[in-house]
Amino acid sequence: GTHTRRRSRATPTERSAAWRPGRCNPPRPDMSVAACTLSSCAFLAPARALKPRAAPSSRSSSSFRCRSAVAPVTAMAPTQDELKKLVGYKAVDDHVLSGMVVGLGTGSTAYFAVERLGQKIKSGELTDIVAIPTSERTREQAEALGIPLCTLNEKSALDVAIDGADEVDPDLALVKGGGGALLREKMVEVMAKKFVVIVDESKLCKGLGPGFPLPVEITPFCHMHTLRTIATLPSVAGCDAVLRMGSSSTNKSDGDEIAVTDNGNYIVDLHFKAPIADVVAAASALKNTVGVVDHGLFVGMSYQVIVAGSTGIRVAGTDGEAAWW
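For clarity, every value in this text was computed on a predicted model and none was experimentally measured.

**Notes on the packing of aromatic side chains**
Counted by the stated rule, this structure contains two aromatic pairs. Both rings, one in tyrosine 111 and one in phenylalanine 112, keep their centres 5.5 Å apart while their planes meet at 90°; by these two values the pair is edge-to-face. Here phenylalanine 112 falls in the buried class, since its relative accessible area comes to 13%. An angle of 85° between the planes, with centres 5.0 Å apart, marks the rings of tryptophan 324 and tryptophan 325 as edge-to-face. The class for tryptophan 325 is buried, based on a relative accessible area of 13%. It is lysine 176 that lies over the ring of phenylalanine 298; its NZ or CZ is 5.5 Å from the centre. The ring centre of phenylalanine 298 lies 4.9 Å from the NZ or CZ of lysine 186, which sits over that ring.

So this is what it looks like as C-alpha coordinates:
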(Lines give C-alpha, C1' and ligand atoms only; values in the text may rest on other atoms or scores of the structure.)
Protein backbone atom coordinates (compact mmCIF):
# COMPACT_ATOMS: atom_id res chain seq x y z
CA GLY A 1 0.00 0.00 0.00
CA THR A 2 0.92 3.62 -0.13
CA HIS A 3 2.86 4.71 2.88
CA THR A 4 2.71 8.32 4.06
CA ARG A 5 5.79 9.55 5.87
CA ARG A 6 4.77 11.55 8.96
CA ARG A 7 6.96 14.49 9.79
CA SER A 8 8.14 14.61 13.37
CA ARG A 9 6.67 17.57 15.23
CA ALA A 10 9.19 20.22 16.24
CA THR A 11 9.70 20.86 19.90
CA PRO A 12 8.70 24.24 21.36
CA THR A 13 12.37 25.16 21.57
CA GLU A 14 12.93 24.30 17.93
CA ARG A 15 9.81 26.19 16.88
CA SER A 16 10.84 29.31 18.76
CA ALA A 17 14.37 29.15 17.34
CA ALA A 18 13.22 28.68 13.75
CA TRP A 19 12.69 31.65 11.49
CA ARG A 20 9.11 31.93 10.29
CA PRO A 21 8.06 34.37 7.59
CA GLY A 22 5.68 37.04 8.76
CA ARG A 23 6.22 36.37 12.45
CA CYS A 24 8.38 38.20 15.01
CA ASN A 25 11.04 36.30 16.86
CA PRO A 26 10.11 35.47 20.48
CA PRO A 27 11.03 38.08 23.13
CA ARG A 28 14.48 37.92 24.65
CA PRO A 29 14.56 37.61 28.44
CA ASP A 30 16.41 40.93 28.73
CA MET A 31 13.89 42.90 26.68
CA SER A 32 10.47 44.25 27.40
CA VAL A 33 7.63 43.01 25.22
CA ALA A 34 7.34 46.41 23.56
CA ALA A 35 11.08 46.64 22.87
CA CYS A 36 11.21 43.13 21.47
CA THR A 37 8.23 43.77 19.24
CA LEU A 38 9.93 46.81 17.76
CA SER A 39 13.37 45.22 17.35
CA SER A 40 12.31 41.85 15.99
CA CYS A 41 10.02 43.21 13.29
CA ALA A 42 13.10 43.81 11.14
CA PHE A 43 13.25 40.06 10.61
CA LEU A 44 9.80 39.53 9.20
CA ALA A 45 10.94 38.17 5.83
CA PRO A 46 14.15 37.56 3.86
CA ALA A 47 15.18 39.99 1.20
CA ARG A 48 13.80 39.09 -2.23
CA ALA A 49 12.91 40.78 -5.43
CA LEU A 50 9.48 42.32 -5.35
CA LYS A 51 7.30 43.47 -8.18
CA PRO A 52 6.78 47.21 -8.19
CA ARG A 53 3.57 48.19 -6.45
CA ALA A 54 1.61 51.33 -6.91
CA ALA A 55 1.39 53.62 -3.91
CA PRO A 56 -1.87 53.15 -2.01
CA SER A 57 -4.61 55.48 -3.08
CA SER A 58 -5.79 58.20 -0.74
CA ARG A 59 -8.93 56.19 -0.16
CA SER A 60 -7.10 53.06 0.98
CA SER A 61 -4.10 54.70 2.71
CA SER A 62 -6.16 55.80 5.67
CA SER A 63 -7.00 52.20 6.45
CA PHE A 64 -3.45 50.93 5.97
CA ARG A 65 -1.89 49.77 9.21
CA CYS A 66 1.38 48.03 10.08
CA ARG A 67 0.51 44.90 12.00
CA SER A 68 3.67 45.18 14.04
CA ALA A 69 3.07 48.76 15.17
CA VAL A 70 3.13 49.28 18.93
CA ALA A 71 0.95 51.90 20.57
CA PRO A 72 3.05 54.54 22.38
CA VAL A 73 3.13 54.25 26.15
CA THR A 74 2.38 57.47 28.02
CA ALA A 75 4.03 57.78 31.43
CA MET A 76 1.52 58.46 34.16
CA ALA A 77 2.27 61.26 36.59
CA PRO A 78 2.71 59.96 40.16
CA THR A 79 -0.24 60.42 42.48
CA GLN A 80 0.05 62.49 45.63
CA ASP A 81 0.12 59.33 47.75
CA GLU A 82 2.95 57.95 45.62
CA LEU A 83 4.93 61.16 46.16
CA LYS A 84 4.32 60.95 49.90
CA LYS A 85 5.55 57.37 49.93
CA LEU A 86 8.74 58.35 48.09
CA VAL A 87 9.75 60.98 50.64
CA GLY A 88 8.63 58.91 53.63
CA TYR A 89 10.78 55.97 52.57
CA LYS A 90 13.75 58.16 51.63
CA ALA A 91 13.77 59.89 55.02
CA VAL A 92 14.05 56.56 56.85
CA ASP A 93 16.59 55.14 54.39
CA ASP A 94 18.79 58.24 54.61
CA HIS A 95 18.61 59.14 58.28
CA VAL A 96 17.73 56.15 60.49
CA LEU A 97 20.48 53.83 61.69
CA SER A 98 20.47 50.93 64.13
CA GLY A 99 20.54 51.96 67.78
CA MET A 100 18.71 55.25 67.24
CA VAL A 101 15.84 56.89 69.11
CA VAL A 102 13.38 58.04 66.43
CA GLY A 103 10.48 60.48 66.61
CA LEU A 104 7.48 59.36 64.55
CA GLY A 105 5.30 62.09 63.11
CA THR A 106 1.58 62.12 62.45
CA GLY A 107 -0.34 62.48 59.20
CA SER A 108 -0.73 61.03 55.73
CA THR A 109 2.92 61.57 54.76
CA ALA A 110 4.45 60.51 58.08
CA TYR A 111 2.39 57.31 57.77
CA PHE A 112 4.78 56.08 55.06
CA ALA A 113 7.87 56.83 57.15
CA VAL A 114 6.41 54.74 59.97
CA GLU A 115 5.59 52.00 57.46
CA ARG A 116 9.15 51.98 56.15
CA LEU A 117 10.65 51.87 59.64
CA GLY A 118 8.48 48.86 60.45
CA GLN A 119 9.61 47.08 57.27
CA LYS A 120 13.30 47.58 58.03
CA ILE A 121 12.93 46.44 61.64
CA LYS A 122 11.01 43.34 60.54
CA SER A 123 13.64 42.45 57.91
CA GLY A 124 16.45 42.84 60.46
CA GLU A 125 18.08 45.66 58.54
CA LEU A 126 17.55 47.94 61.56
CA THR A 127 18.05 46.75 65.13
CA ASP A 128 17.93 48.26 68.60
CA ILE A 129 15.47 50.97 67.52
CA VAL A 130 13.23 52.81 69.97
CA ALA A 131 10.59 55.20 68.63
CA ILE A 132 8.47 57.94 70.19
CA PRO A 133 5.06 58.50 68.54
CA THR A 134 3.48 61.95 68.36
CA SER A 135 -0.16 60.85 68.45
CA GLU A 136 -2.43 57.98 69.36
CA ARG A 137 -2.93 57.20 65.65
CA THR A 138 0.80 56.88 65.11
CA ARG A 139 1.19 54.81 68.28
CA GLU A 140 -1.42 52.34 67.02
CA GLN A 141 0.24 52.05 63.61
CA ALA A 142 3.70 51.57 65.12
CA GLU A 143 2.50 48.92 67.56
CA ALA A 144 0.82 47.01 64.72
CA LEU A 145 4.15 47.02 62.84
CA GLY A 146 6.11 45.78 65.86
CA ILE A 147 8.11 48.99 66.37
CA PRO A 148 9.42 49.28 69.97
CA LEU A 149 8.02 52.45 71.59
CA CYS A 150 8.65 54.70 74.56
CA THR A 151 7.81 58.27 75.58
CA LEU A 152 9.79 61.40 76.38
CA ASN A 153 9.62 60.31 80.02
CA GLU A 154 12.02 57.47 79.17
CA LYS A 155 14.05 59.12 76.38
CA SER A 156 14.34 62.91 76.28
CA ALA A 157 17.02 63.02 73.56
CA LEU A 158 16.20 61.83 70.04
CA ASP A 159 18.60 61.16 67.17
CA VAL A 160 16.09 62.03 64.46
CA ALA A 161 12.41 62.88 64.07
CA ILE A 162 10.53 62.54 60.77
CA ASP A 163 7.24 64.28 60.07
CA GLY A 164 5.22 65.98 57.37
CA ALA A 165 4.05 69.60 57.18
CA ASP A 166 1.02 71.50 55.92
CA GLU A 167 3.08 74.42 54.58
CA VAL A 168 6.80 75.14 54.13
CA ASP A 169 8.17 78.62 53.38
CA PRO A 170 11.59 79.46 51.86
CA ASP A 171 13.08 79.84 55.37
CA LEU A 172 11.96 76.24 56.08
CA ALA A 173 9.49 77.49 58.67
CA LEU A 174 6.40 75.30 58.84
CA VAL A 175 2.71 75.27 59.54
CA LYS A 176 1.79 71.96 61.17
CA GLY A 177 -1.14 70.62 63.12
CA GLY A 178 -3.76 70.07 60.46
CA GLY A 179 -4.18 66.61 61.96
CA GLY A 180 -4.55 67.99 65.49
CA ALA A 181 -1.31 66.57 66.93
CA LEU A 182 0.72 69.79 66.97
CA LEU A 183 1.53 69.84 70.71
CA ARG A 184 2.95 66.33 70.88
CA GLU A 185 4.68 66.81 67.52
CA LYS A 186 6.47 69.92 68.71
CA MET A 187 7.37 68.43 72.10
CA VAL A 188 9.01 65.43 70.42
CA GLU A 189 10.54 67.08 67.37
CA VAL A 190 12.16 69.97 69.21
CA MET A 191 14.20 67.38 71.14
CA ALA A 192 15.63 65.71 68.02
CA LYS A 193 19.17 66.32 66.78
CA LYS A 194 17.71 66.20 63.27
CA PHE A 195 14.13 67.11 62.39
CA VAL A 196 13.55 65.85 58.84
CA VAL A 197 10.46 67.23 57.11
CA ILE A 198 8.83 65.22 54.31
CA VAL A 199 6.38 66.83 51.88
CA ASP A 200 5.17 66.80 48.30
CA GLU A 201 5.64 69.96 46.25
CA SER A 202 2.06 71.12 46.84
CA LYS A 203 3.09 72.11 50.40
CA LEU A 204 5.71 74.65 49.29
CA CYS A 205 4.69 78.30 49.58
CA LYS A 206 6.09 81.83 49.37
CA GLY A 207 4.62 82.79 52.74
CA LEU A 208 2.80 80.96 55.56
CA GLY A 209 -0.89 81.56 56.17
CA PRO A 210 -3.09 81.76 53.08
CA GLY A 211 -2.49 78.21 51.89
CA PHE A 212 -3.42 76.44 55.12
CA PRO A 213 -5.10 77.60 58.36
CA LEU A 214 -2.75 77.96 61.33
CA PRO A 215 -3.91 75.75 64.23
CA VAL A 216 -3.59 76.94 67.83
CA GLU A 217 -4.19 74.51 70.69
CA ILE A 218 -5.99 76.12 73.65
CA THR A 219 -7.37 75.06 77.01
CA PRO A 220 -11.10 74.26 77.20
CA PHE A 221 -11.51 76.69 80.12
CA CYS A 222 -13.07 79.92 78.79
CA HIS A 223 -12.11 78.87 75.28
CA MET A 224 -14.17 81.59 73.55
CA HIS A 225 -12.34 84.23 75.57
CA THR A 226 -9.02 82.79 74.44
CA LEU A 227 -10.24 82.65 70.83
CA ARG A 228 -11.14 86.35 70.87
CA THR A 229 -7.83 87.25 72.52
CA ILE A 230 -5.90 85.42 69.81
CA ALA A 231 -7.84 87.14 67.02
CA THR A 232 -6.87 90.61 68.33
CA LEU A 233 -3.10 89.97 68.41
CA PRO A 234 -1.36 92.50 66.10
CA SER A 235 1.00 89.83 64.71
CA VAL A 236 -1.95 87.83 63.33
CA ALA A 237 -4.12 90.80 62.42
CA GLY A 238 -6.69 90.10 59.74
CA CYS A 239 -7.11 86.43 60.54
CA ASP A 240 -10.46 84.73 60.96
CA ALA A 241 -10.34 82.59 64.14
CA VAL A 242 -12.54 79.48 63.91
CA LEU A 243 -13.08 76.88 66.64
CA ARG A 244 -12.48 73.38 65.24
CA MET A 245 -15.59 71.19 65.30
CA GLY A 246 -16.06 67.45 64.89
CA SER A 247 -12.89 65.42 64.52
CA SER A 248 -9.65 66.94 65.78
CA SER A 249 -7.77 65.28 62.90
CA THR A 250 -9.11 67.66 60.24
CA ASN A 251 -9.74 71.37 60.05
CA LYS A 252 -12.86 70.73 57.99
CA SER A 253 -15.93 70.90 60.22
CA ASP A 254 -17.41 67.40 60.29
CA GLY A 255 -19.54 67.41 63.46
CA ASP A 256 -21.53 69.47 65.93
CA GLU A 257 -19.29 68.83 68.94
CA ILE A 258 -16.10 70.76 69.70
CA ALA A 259 -13.03 68.84 68.48
CA VAL A 260 -10.87 67.49 71.33
CA THR A 261 -7.15 66.71 70.90
CA ASP A 262 -5.28 63.72 72.33
CA ASN A 263 -4.41 66.01 75.25
CA GLY A 264 -8.02 66.97 75.98
CA ASN A 265 -7.65 70.49 74.54
CA TYR A 266 -9.44 72.48 71.84
CA ILE A 267 -8.08 73.90 68.57
CA VAL A 268 -8.63 77.31 67.01
CA ASP A 269 -7.80 77.51 63.29
CA LEU A 270 -6.60 80.91 62.06
CA HIS A 271 -7.54 81.59 58.43
CA PHE A 272 -5.44 84.20 56.63
CA LYS A 273 -6.04 86.02 53.36
CA ALA A 274 -2.43 87.29 53.16
CA PRO A 275 0.88 85.78 54.31
CA ILE A 276 1.87 86.26 57.95
CA ALA A 277 4.12 89.32 57.89
CA ASP A 278 6.46 88.25 60.72
CA VAL A 279 6.36 84.53 61.47
CA VAL A 280 8.77 84.76 64.42
CA ALA A 281 6.75 87.55 66.05
CA ALA A 282 3.50 85.66 65.52
CA ALA A 283 4.95 82.50 67.06
CA SER A 284 6.12 84.43 70.12
CA ALA A 285 2.86 86.34 70.60
CA LEU A 286 0.75 83.21 70.37
CA LYS A 287 2.93 81.26 72.78
CA ASN A 288 2.80 84.10 75.32
CA THR A 289 -1.00 84.32 75.27
CA VAL A 290 -2.53 82.94 78.46
CA GLY A 291 -4.85 80.08 77.57
CA VAL A 292 -2.78 79.01 74.54
CA VAL A 293 -1.06 75.66 75.02
CA ASP A 294 0.93 75.82 71.76
CA HIS A 295 0.60 76.66 68.08
CA GLY A 296 1.38 75.18 64.68
CA LEU A 297 4.27 77.47 63.72
CA PHE A 298 7.49 75.42 63.71
CA VAL A 299 10.25 78.01 63.30
CA GLY A 300 14.00 77.33 63.21
CA MET A 301 13.50 73.59 63.73
CA SER A 302 13.91 72.02 60.27
CA TYR A 303 17.20 70.22 59.62
CA GLN A 304 16.19 69.14 56.14
CA VAL A 305 13.11 69.21 53.93
CA ILE A 306 12.70 66.34 51.46
CA VAL A 307 10.37 67.31 48.62
CA ALA A 308 8.79 64.98 46.06
CA GLY A 309 7.58 66.51 42.82
CA SER A 310 6.70 65.58 39.28
CA THR A 311 10.37 65.77 38.26
CA GLY A 312 11.75 63.75 41.16
CA ILE A 313 12.99 64.28 44.71
CA ARG A 314 14.91 67.37 45.86
CA VAL A 315 16.33 68.17 49.28
CA ALA A 316 16.48 71.61 50.89
CA GLY A 317 18.41 72.55 54.03
CA THR A 318 21.44 70.89 55.58
CA ASP A 319 23.29 68.66 53.08
CA GLY A 320 20.83 69.85 50.45
CA GLU A 321 20.26 72.94 48.34
CA ALA A 322 18.86 76.37 49.11
CA ALA A 323 15.09 76.70 48.93
CA TRP A 324 14.13 77.04 45.27
CA TRP A 325 10.49 78.08 45.66
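**Overview of the pairing of strand 12 (residues 304-309)**
Counting buried positions over the six residues of strand 12 gives six, a clear majority of the element. Every second residue of strand 12 is oriented toward a common face, with Gln304, Ile306 and Ala308 on one face and Val305, Val307 and Gly309 on the other, all of them buried. Inspection of the sheet shows strand 6 (residues 192-200) paired to strand 12 by five bridges, in the parallel sense. Note that in strand 12 the partner of isoleucine 198 across the bridge is isoleucine 306. Where strand 12 folds back onto strand 13 (residues 312-317) in an antiparallel hairpin, the turn is made up of two residues.

**What about the nonpolar core?**
Grouped together as the largest cluster of nonpolar side chains are 26 residues, with contacts concentrated most on Leu214, Leu270, Leu286 and Leu297. Elements supplying a minimum of two residues to this core: strand 7 (214-218), helix 8 (223-231), strand 8 (240-243), strand 9 (266-271) and helix 9 (279-287). Per element, the largest residue contribution to this core is four residues, and it comes from helix 9. Residues in contact with leucine 270, not counting those within four places in the same chain, are Pro213, Leu214, Val216, Ile230, Val236, Cys239, Asp240, Ala241 and Leu286.

**Describing the sheet that holds strand 7**
With antiparallel pairing, four strands are arranged side by side in an open sheet as 8-9-7-10. Bordering the open sheet on either side are strand 8 and strand 10 (292-295), each of which pairs with just one other strand. Across the sheet, the mean angle separating the axes of adjacent strands is 30° when strand polarity is ignored. When strand 8 meets strand 9, the two strands line up antiparallel, connected through four bridges.

Rules used throughout
Residues numbered from 1 in each chain as written. Predicted model: local features only at pLDDT ≥ 70, side-chain atom pairs only at ≥ 80, totals over all residues. Heavy atoms only, no water. Phe/Tyr/Trp six-rings, centres within 6.5 Å; stacked < 30°, edge-to-face > 60°. Buried < 20%, exposed > 50% of the residue type's maximum accessible area, 1.4 Å probe, protein only. Lys NZ or Arg CZ within 6 Å of the ring centre and 35° of its normal. Helix = DSSP H or I, 4+ residues; strand = E, 2+ residues; numbered from the N terminus. Pairing = 2+ DSSP bridges. Core = buried A, V, L, I, M, F, W, Y, C linked by side-chain atoms within 4.5 Å. Contact = heavy atoms within 4.5 Å. Axes fitted to C-alpha atoms, helices over the stretch in contact; angles between N-to-C directions.

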